[in-house]
Amino acid sequence: MDESESESGVDTEVPGQRRSEEESARGLIGAFGRQLKLLRTRAGMERAELGRRVGYSADTIASYEQGRRVPQPRFIQQADEVLDAGGLLTAMKGEVGRAQYPAFFRDMARLEASAVGLCVYATHAAPGLLQTEDYARAVFQMQRPLLDDAVIEQRLTARMMRQDIFTRRPAPLLSFIIEEVVLRKPIGGRTALCGQLEQILLVGQNRNVEIQVMPTDREDHAALGGPFNLIDDADGQRLAYTEVQDDSRMYTSAGKIRELEARYGILRSQALTPCESLAFIEELLGAE
């Protein structure tokens, strides 16, 4: 870490840190699996019986016990009750949930889950919080090096779970600024794009959500440095998050936050208004 990064409050990775985080996540999932098997065995249940009682196949239960798949919160809650675990499994639910995200995104996922406000500027693809399942799957399938099918399904489930933010109460204030080119890029094909545009229109109807489009033909642009997020946490602190090429940074210093706040504020004034933006997306959808 150089001096300027230290002063700006940037969290940087040290060599081997990401590998260590991935190993830690795998260890946590493995520990959960061993605990699950121990509790199932203590209850005198076969995998098939547990599966029937919680709505999962015996093969899925085996995958969870062997640490090959990340169990979902619903399963953890049900298994804890069925196995009379007394909270031993649900106590691990939060940590297990975060383990399904790639290492570079886990801090952001944790903050997002309890944020009272978010500002998201997207330049390459629709923001994850707005993505449909088809669109998100296509995004993951396009990643290079290629992701295993199991990893794609794991990350897809995690991405869809993040969208619980739209039904959370009290409702957080959410602002999205999306580059026009994102709305024209047929990721996953034309059908997937149409579904994605419809999803953005649907979410944009929520009173706590503002969606703005940054037109490509604007001569003035305050954020040519790339995408970024601003996060307001429950303690009243504002943080910033950036991500490029699977490398993430969390900014906490007041100076850097003010800089990104200013960019976002100017960008909002340069973009179409929320009403104009939804009308613009409707026109795009009609053209599709």
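So, here's what we can say about the structure. (Residues numbered from 1 in each chain as written. Predicted model: local features only at pLDDT ≥ 70, side-chain atom pairs only at ≥ 80, totals over all residues. Heavy atoms only, no water.)

## What about helix α11 (residues 190-203)?
Which entries qualify depends on this criterion: Secondary structure elements follow DSSP: runs of H or I of four or more residues count as helices, runs of E of two or more count as strands, with numbering from the N terminus. By definition here, a helix of n residues has an expected span of 1.5 Å times n minus one. For each residue, the accessible area found with a 1.4 Å probe, counting protein chains only, is set against the maximum for its type, and the residue is called buried under 20%, exposed over 50%, and partly exposed in between. The criterion used for residue contact is that any of the two residues' heavy atoms lie within 4.5 Å.
Look at α11: 20 Å from first C-alpha to last across 14 residues, which is about the 20 Å you get at 1.5 Å a residue. Along α11, the positions that sit buried rather than exposed are Ala192, Leu193, Cys194, Gln196, Leu197, Gln199, Ile200, Leu201 and Val203. Contact partners of the buried residues in α11: α8 (133-141), β2 (173-179), α10 (180-184), β3 (209-214) and α13 (274-287).

## Digging into the packing of helix α3 (residues 47-54) against helix α4 (residues 58-65)
Think of two packed helices as two axes; the pair is described by the angle between the axes and how far apart they sit. The following threshold applies: Here the axes come from fitting lines to C-alpha atoms, over the contacting stretch only for helices, and the angles between their N-to-C directions go from 0 to 180 degrees. Angle categories: roughly parallel below 35 degrees, roughly antiparallel above 145, roughly perpendicular from 65 to 115, and oblique for all the rest. Each residue is assigned to one of three groups, with Ala, Val, Leu, Ile, Met, Phe, Trp, Tyr, Cys and Pro labelled nonpolar, Asp, Glu, Lys and Arg labelled charged, and all others, Gly among them, labelled polar.
Remark: α3 packs on α4, axes separated minimally by 8 Å, with the N-to-C direction vectors making an angle of 105°. Classified by the angle their axes make, α3 and α4 are roughly perpendicular. Of α4, the residues touching α3 (which contributes Arg47, Ala48, Leu50, Gly51 and Val54) are Ala58, Ile61, Ala62 and Glu65. Counted by class, the contact of α3 with α4 contains six nonpolar, one polar and two charged residues.

## Overview of the sheet that holds β2
Pairing between sheet strands relies on hydrogen bonds along the backbone, with the strands arranged either parallel or antiparallel. As a reminder, the rule being used: Pairing between two strands is assigned when DSSP locates at least 2 bridges connecting them.
Taken in spatial order, the six strands line up as β3-β2-β1-β4-β5-β6 in an open sheet, and their pairing is mixed. With one partner strand each, in any of the chains shown, β3 and β6 (247-251) form the two edges of the open sheet. For this sheet, the mean inter-axis angle between neighbouring strands, taken without regard to orientation, is 10°. Pairing of strand β1 (residues 117-122) with β2, which is carried by six bridges, proceeds in the parallel orientation. Across the sheet, residue Val120 finds its bridge partner in β2, namely Phe176.

## Observations concerning the packing of α11 against α13
Counted only if it meets this: The sense of a crossing depends on the near helix, which, turned anticlockwise from the far helix by less than a right angle, makes the crossing left-handed and, turned clockwise, makes it right-handed.
Between α11 and α13, whose axes approach to 10 Å, the crossing angle comes to 155°. Viewed along their axes, α11 and α13 adopt a mutual orientation that is roughly antiparallel. You can see that α11 and α13 cross each other, and the crossing is left-handed. Facing α11, whose interface residues are Cys194, Leu197, Glu198, Ile200 and Leu201, α13 presents Leu278, Ile281, Glu282, Leu284 and Leu285. Looking at the contact of α11 with α13 residue by residue, the classes come out as eight nonpolar, no polar and two charged.

## Details of the layout of surface pockets
Basically, it comes down to this: Think of a 1 Å grid over the protein atoms and nothing else: a 1.4 Å probe that fits but is trapped marks a cavity, an open set flanked by protein within 12 Å on at least five of seven lines marks a pocket, and residues with an atom within 4 Å of a point count as lining. Grid points are joined across faces, edges and corners, and a volume is the space filled by probe spheres set on the points.
By volume, the largest pocket is sized at about 1400 Å³. Around the largest pocket, the lining comprises 42 residues; the ones closest to its centre are Phe104, Gln143, Arg159, Glu243 and Asp246. Sorting the residues of the lining of the largest pocket by element identifies α2 (17-42), α7 (106-114), β1, α8, α9 (149-162), β4 (228-232) and β5 (238-244) as the ones contributing at least two each. Looking at the second largest pocket, it is lined by 22 residues, and the ones nearest its centre are Arg68, Arg69, Val70, Val151 and Gln154. Within the residue set of the lining of the second largest pocket, elements represented by two or more residues are α2 and α9. Take the lining of the second largest pocket: its biggest share by element is six residues, from α9. When its residues are assigned to classes, the lining of the second largest pocket shows nine nonpolar, five polar and eight charged.

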